[in-house]
Amino acid sequence: MTTQTTALGLYGLGTMGSALALNILDNGFALHVANRTASVAEAFVTEAGPLADRLTTHPGLVEMARAMSAPRAIILMVPAGAPVDDAIADLVPVLAKGDAIIDAGNTDFHDTRRRTAEVEAKGLTYIGMGVSGGEEGARHGPSIMVGGTDAAYQGIRPVIEAIAAKFEGDHCADHLGPDGAGHFVKTVHNGIEYADMEMIAEVYGLMRHGQGRAPAQIGAVFQGWDKGALKSYLVEITGTVLQATDAATGKPAVDVILDRAGQKGTGRWTVIEALKLGQSASAIEAAVGARGWSAEKDARVAGETILGTIRSAVAISDREYQDALLAARIIAYAQGFRILAAASDEYQWSLDYARIAEIWRAGCIIRSALLDDISAAFRGDLPYGQLIFAPAFADRLRASIPALRRVVAAAVSAAHPVPALSASLAFIDTMAQGRGTTDLIQAQRDFFGRHGFERIGGAKDSHGPWWE
Ligand code: 6PG
């Protein structure tokens, strides 16, 4: 068995919790587990099969903590929010200096910062850990984004590195910064995930509703793209999903699914934090908004008649779609990394963007062929801190933006909504113009509120002739 100095416990054996527990056991570590409903922990012994000889089950969280020998590290795999606070309240009186509480859920980083301060004031260690990769990742190797003190990380490092996904031998896990840094990076990961998913769905929409192609045909195109510049987990699963058939009806699986998207909050948090930091993650925001609008299914159905807009055919080649998606994906990553940079400055996290890109290369939902180059770009000289200006990306963008423009133009002319693709294009068009239109905004602000403006080559607080 792996040498283990810290006793490990895991609380919360839902889908993700049990998958992560099996992963830990699989890697040779002994593990204590408990669940809110005690019978679930007992049943987990059967699920663990031959791995159960390293497993100890307990009737509840407090019982588990009491039974473990110090130093203890307890991983919480419970829903974000009050369940985490409840678990901490139960654990704090039982644990002692040297013990660690690890929240491995999709937690709002503000909560992690608050909890870190509260728990560490009591002499315990607190770690906020973002885990990406869904059930499959948790079971066989997720990407893990750790926030906490360096000493805290060193205590759990052997386990984290062992259970993480590997990319060409490098573990996709690292300590990224103090307190909320890990959860913040995971939140932005999810924001990029939302944007990428929405852009893929928009291209699917054009192929489906603008060209009348069958889901399986479209799925085959995505499958082909997974061998090229768009190679990624999300493109791969899109190919698989679109080629699947619903057993009950014989219809394409996608056709029996209500077009109303759920969301648990991480995409929205990304946008909220971006705006608070003075950034605009417009592609991510468009994706969050699209999910919001999708929830208004009945109104949309009524809108078909009330508004009478009829979507029509588009003529776009698969090559154009592919290039458009590539450009838009680069922009989604670029906006995500800008938010990380703004937050790193604000909270003094000193995030290592190259390393973040590296630990996203395997295990997580947004893993893609671009991440190697993103990492290299951050290790090199990045003009104005903008990923889109790194030579490797500027070259790709110059080559692919014409296709993005054609796709957006065709979609808009034929009444197909492409909010994320068009937001990406607007961002790139803005960033490619030395002189924009906010001169007029400044003039208006000065006109109605004497806010002043910077005169070109002159005083920083000038006023217009309307005040003379
Ligand atoms: C991941 C996923 C995972 C989960 C999201 C989905 O990285 O493994 O992002 O965390 O699927 O919570 O979020 P929504 O339910 O908001 O789409």
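Worth saying up front: this structure is predicted, and the values here are computed from it rather than measured.

Draft legend 1. Structural detail: the overall build of the protein chain. Along the backbone of the protein chain there are 19 helices and 10 strands. For a compact globule of 468 residues, the expected C-alpha radius of gyration is about 23 Å, and the protein chain comes in at 25 Å, within 12% of that figure. The principal-axis extents of the C-alpha atoms in the protein chain amount to approximately 75 × 65 × 45 Å. The 468 residues of the protein chain split such that 53% are buried. Excluding contacts between residues fewer than 6 apart, the proportion of contacts in the protein chain whose partners are at least 24 apart in sequence is 68%. With the model as given, the accessible surface of the protein chain reaches about 20900 Å², and the carbon-plus-sulfur share is 54%. A distance of 2 Å separates the average location of the 42 positive side-chain charges in the protein chain from that of its 53 negative side-chain charges.

Draft legend 2. Here's a closer look at the sheet that holds strand β6 (residues 125–132). Reading across the sheet, the 8 strands line up as β3-β2-β1-β4-β5-β6-β7-β10 and stay open at both edges, with mixed pairing between neighbours. One side of each edge strand has no neighbouring strand; the edge strands of this open sheet are β3 (55–57) and β10 (173–177). Strand-to-strand twist across the sheet, computed as the mean angle between neighbouring axes with direction ignored, equals 25°. Relative to β6, strand β5 (residues 100–103) runs parallel, the two sharing 4 bridges. Bridge pairing in β6 places Ile 102 opposite Ile 127. Its contacts with the sheet place helix α1 (residues 15–26) against β1 (7–11), β2 (31–34), β3 and β4 (72–76), and it is angled at close to 160° to β1. Along the sheet, helix α2 (residues 38–48) makes contact with β2 and β3, crossing β3 at roughly 160°.

Draft legend 3. Here's a closer look at the site of the ligand. Surveying the vicinity of the ligand reveals 13 residues, the closest of which are Asn 106, Ser 132, Glu 193, Tyr 194 and Lys 264. The contact in question runs from an oxygen atom of the ligand to an N or O atom on the side chain of Glu 193, over 2.7 Å. Between an oxygen atom of the ligand and a main-chain N or O atom of Lys 264, the distance comes to 2.7 Å. Relative to its unbound accessible area of 410 Å², the ligand is 82% covered by the protein chains.

Draft legend 4. Representation of the pattern of salt bridges. By the definition in use, this model includes 28 salt bridges. The partner of Arg 114 in a salt bridge is Glu 118, with the nearest N and O atoms 3.5 Å apart. In this pair, Arg 114 and Glu 118 are both assigned in helix α5 (residues 109–121), 4 residues apart and thus about one turn of the helix distant. Classification of Arg 114 as partly exposed rests on a relative accessible area of 31%. Take Glu 118: its relative accessible area is 40%, and that puts it in the partly exposed class.

Draft legend 5. Examining empty space enclosed by the protein more closely. Under the counting rule described, the total for this entry stands at 1 cavity of 30 Å³ or more. Around the largest cavity, the lining residues are Leu 8, Ile 75, Ile 102, Met 129, Ile 156, Val 159 and Ile 160. The element best represented in the lining of the largest cavity is helix α7 (residues 150–163), accounting for 3 residues. A per-class count over the lining of the largest cavity returns 7 nonpolar, no polar and no charged.

Draft legend 6. Summary view of the domain arrangement of the protein chain. When cut into domains, the protein chain gives domain 1 (7–179), domain 2 (187–431) and domain 3 (438–467). Placing a centre on the C-alpha atoms of domain 2 and another on those of domain 3 gives a separation of 37 Å.

Draft legend 7. The arrangement of a nonpolar patch on the surface in detail. On the surface, Phe 447, Phe 448, Trp 466 and Trp 467 cluster together into a nonpolar patch covering about 470 Å² of accessible area. Among the secondary structure elements, Phe 448 is positioned in helix α19 (residues 438–449).

Draft legend 8. Region of interest: α5. Across its 13 residues, α5 extends 18 Å between first and last C-alpha, which sits within 8% of the 18 Å expected from 1.5 Å per residue. What α5 keeps buried is the set Phe 109, Thr 112, Arg 115, Thr 116 and Val 119. Take α5 and look down its axis: the buried residues cluster within an arc of 110°, on one side only. Against the buried residues of α5 lie α4 (82–91), β5, β6, α8 (181–209), α11 (266–276) and α14 (318–347). The N-cap residue of α5 is Asp 108: its side-chain oxygen and the backbone nitrogen of His 110 are 3.0 Å apart.

Draft legend 9. Examining the side chain of Arg 291 more closely. Secondary-structure assignment places Arg 291 in helix α12 (residues 282–294). Lacking a salt bridge, the buried Arg 291 has Glu 193 as its closest oppositely charged neighbour, with an N-O distance of 5.3 Å. The residues contacting Arg 291, other than those within four sequence positions of it, are Tyr 194, Met 197, Ala 261, Gly 262 and Gln 263.

Draft legend 10. Looking closely at the packing of aromatic side chains. Across all of its chains, the model carries 11 aromatic pairs by this definition. Look at Phe 447 and Trp 466: their rings are 5.9 Å apart centre to centre, the planes differ by 50°, and that puts the pair in the tilted class. Remark: Trp 466 occurs in the segment after α19 and Phe 447 occurs in helix α19; sequence separation between them is 19 residues. Here a set of aromatic residues connected by ring pairs shows up, and it is made of Phe 109, Phe 184, Tyr 347 and Trp 349. Across from the ring centre of Phe 393, 5.1 Å away, lies the NZ or CZ of Arg 396, which sits over that ring. Over the ring of Trp 467 we find Arg 450; its NZ or CZ atom is 4.1 Å from the centre of that ring.

Draft legend 11. Seen up close, the packing of α14 against helix α16 (residues 370–379). The N-to-C vectors of α14 and α16 enclose an angle of 45°; their axes lie 12 Å apart at closest approach. It follows from the interaxial angle that α14 and α16 lie oblique. Once α14 is placed against α16, the crossing between them reads as right-handed. Between α14, through Leu 326, Arg 329, Ile 330, Tyr 333 and Phe 337, and α16, the contact on the second element is made entirely by Leu 370, Leu 371, Ile 374 and Phe 378. Broken down by class, the residue content of the contact of α14 with α16 amounts to 8 nonpolar, no polar and 1 charged.

Definitions and cut-offs
- Residues numbered from 1 in each chain as written.
- Predicted model: local features only at pLDDT ≥ 70, side-chain atom pairs only at ≥ 80, totals over all residues.
- Heavy atoms only, no water.
- Helix = DSSP H or I, 4+ residues; strand = E, 2+ residues; numbered from the N terminus.
- Rg over C-alpha atoms; globule rule 2.2 N^0.38 Å.
- Buried < 20%, exposed > 50% of the residue type's maximum accessible area, 1.4 Å probe, protein only.
- Contact = heavy atoms within 4.5 Å.
- Areas by Shrake-Rupley, 256 points an atom, 1.4 Å probe, with all protein chains shown as cover.
- Lys, Arg positive; Asp, Glu negative; His and termini not counted.
- Charge placed at Lys NZ, Arg CZ, Asp CG, Glu CD.
- Pairing = 2+ DSSP bridges.
- Axes fitted to C-alpha atoms, helices over the stretch in contact; angles between N-to-C directions.
- Near = heavy atom within 4 Å.
- Polar contact = N/O pair within 3.5 Å; in protein donor to acceptor, adjacent residues only side chain to side chain.
- Salt bridge = Lys/Arg side-chain N within 4 Å of Asp/Glu carboxyl O.
- 1 Å grid on protein atoms, 1.4 Å probe; cavity = no way out; pocket = protein on both sides within 12 Å on 5 of 7 lines; lining within 4 Å.
- Points joined across faces, edges and corners; volume = space filled by probe spheres on them.
- Nonpolar A, V, L, I, M, F, W, Y, C, P; charged D, E, K, R; others polar.
- Domains from an automatic or database assignment.
- Patch = residues over 30% accessible without salt bridge, like charges linked within 9 Å, V, L, I, M, F, W, Y side chains within 5 Å.
- Expected span 1.5 Å × (residues − 1).
- Arc of directions from axis to C-beta.
- Phe/Tyr/Trp six-rings, centres within 6.5 Å; stacked < 30°, edge-to-face > 60°.
- Lys NZ or Arg CZ within 6 Å of the ring centre and 35° of its normal.
- Parallel < 35°, antiparallel > 145°, perpendicular 65-115°, else oblique.
- Left-handed = near helix turned anticlockwise from the far one by under 90°.

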